[in-house]
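Coordinates in review
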Amino acid sequence: MVISVRPASVFEDVRAVLGPKSPGANVCWCLSYRIPSKLNNELRGLARGEYVAGLCRGETPPGVLAHDGDEPVGWAAVAPRADTSYARSRTIPKVDDLPVWSLWCVRVRPGHRGRGISHALIAGAVEFARARGAPVIEAYPLDNGDAKVDLTMAYAGIRKNFERAGFVHAADTTSVLAGHPRILMRLDLR
């Protein structure tokens, strides 16, 4: 297994990781934190995938994808915090005025978990942000200790995986996901 991480500019690969089995189904498509909540609620069915396809064609892809050979096996959402709902969050604090990037979703396809892909995705997202001039990258993982995390809600990542990648605790939050507190972790890229 050789995992490579690339910008998410090929929509078919993004669809393989994030898309629904039924094309018209309403699934997240990792838009919840990327777009205003009103637009997120208005986009239904096929329109959600079409919106993501547009993001993939844009100047800055919406994240990174892990590939095992040619097969897309994982996804990480990463973008400037100012372009996400985290810029206006009441539960995830703003630490300073640096133009930080946010890494808020790490997803590995079923059948590929437990092989280090999430670690590769975090590293790939860091390099993606660094290459685009980010001075700092933030993540908002679960601080779950040794407790099990429901895989559906594990998209935020877990503290130990970000610590392993060099991120440090920067602030507590009032956000809770799947019964676990979330913390703000940062990695300085300067």
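Below is a summary of the structure that appears in this document. Just so it is clear, the structure is predicted and the values come from calculations on it, not from any experiment. (Residues numbered from 1 in each chain as written. Predicted model: local features only at pLDDT ≥ 70, side-chain atom pairs only at ≥ 80, totals over all residues. Heavy atoms only, no water.)

1. A closer look at the state of the cysteines
Applying the stated criterion across every chain yields a total of zero disulfides. There is no disulfide at Cys 28, and the cysteine sulfur nearest it, in Cys 30, is 5.5 Å away. Cys 56 takes part in no disulfide bond, and the closest cysteine sulfur, belonging to Cys 30, lies 11 Å away. Here Cys 56 falls in the buried class, since its relative accessible area comes to 3%. (Disulfide = S-S within 2.5 Å. Buried < 20%, exposed > 50% of the residue type's maximum accessible area, 1.4 Å probe, protein only.)

2. Side note on empty space enclosed by the protein
By the definition in use, this model includes one cavity of 30 Å³ or more. Considered as a void within the structure, the largest cavity measures approximately 40 Å³ in volume. Lining the largest cavity, in full, are Val 14, Leu 18, Trp 29, Cys 30, Leu 31, Arg 34, Val 52, Leu 55, Pro 62 and Trp 75. Those elements that place two or more of their residues in the lining of the largest cavity are helix H1 (11-18) and helix H3 (46-57). Here the residues of the lining of the largest cavity are counted per class, giving nine nonpolar, no polar and one charged. (1 Å grid on protein atoms, 1.4 Å probe; cavity = no way out; pocket = protein on both sides within 12 Å on 5 of 7 lines; lining within 4 Å. Points joined across faces, edges and corners; volume = space filled by probe spheres on them. Helix = DSSP H or I, 4+ residues; strand = E, 2+ residues; numbered from the N terminus. Nonpolar A, V, L, I, M, F, W, Y, C, P; charged D, E, K, R; others polar.)

3. Description of the packing of aromatic side chains
Tallied over the entire structure, the rule returns seven aromatic pairs. Between Phe 11 and Trp 29, the aromatic rings sit 5.6 Å apart at their centres with planes inclined by 20°, giving stacked as the arrangement. A residue pair is termed long-range when its members are at least 10 positions apart, and Phe 11 in helix H1 and Trp 29 in the loop between H1 and helix H2 (37-42) qualify at 18 residues. By relative accessible area, which is 5% here, Trp 29 ends up buried. (Phe/Tyr/Trp six-rings, centres within 6.5 Å; stacked < 30°, edge-to-face > 60°.)

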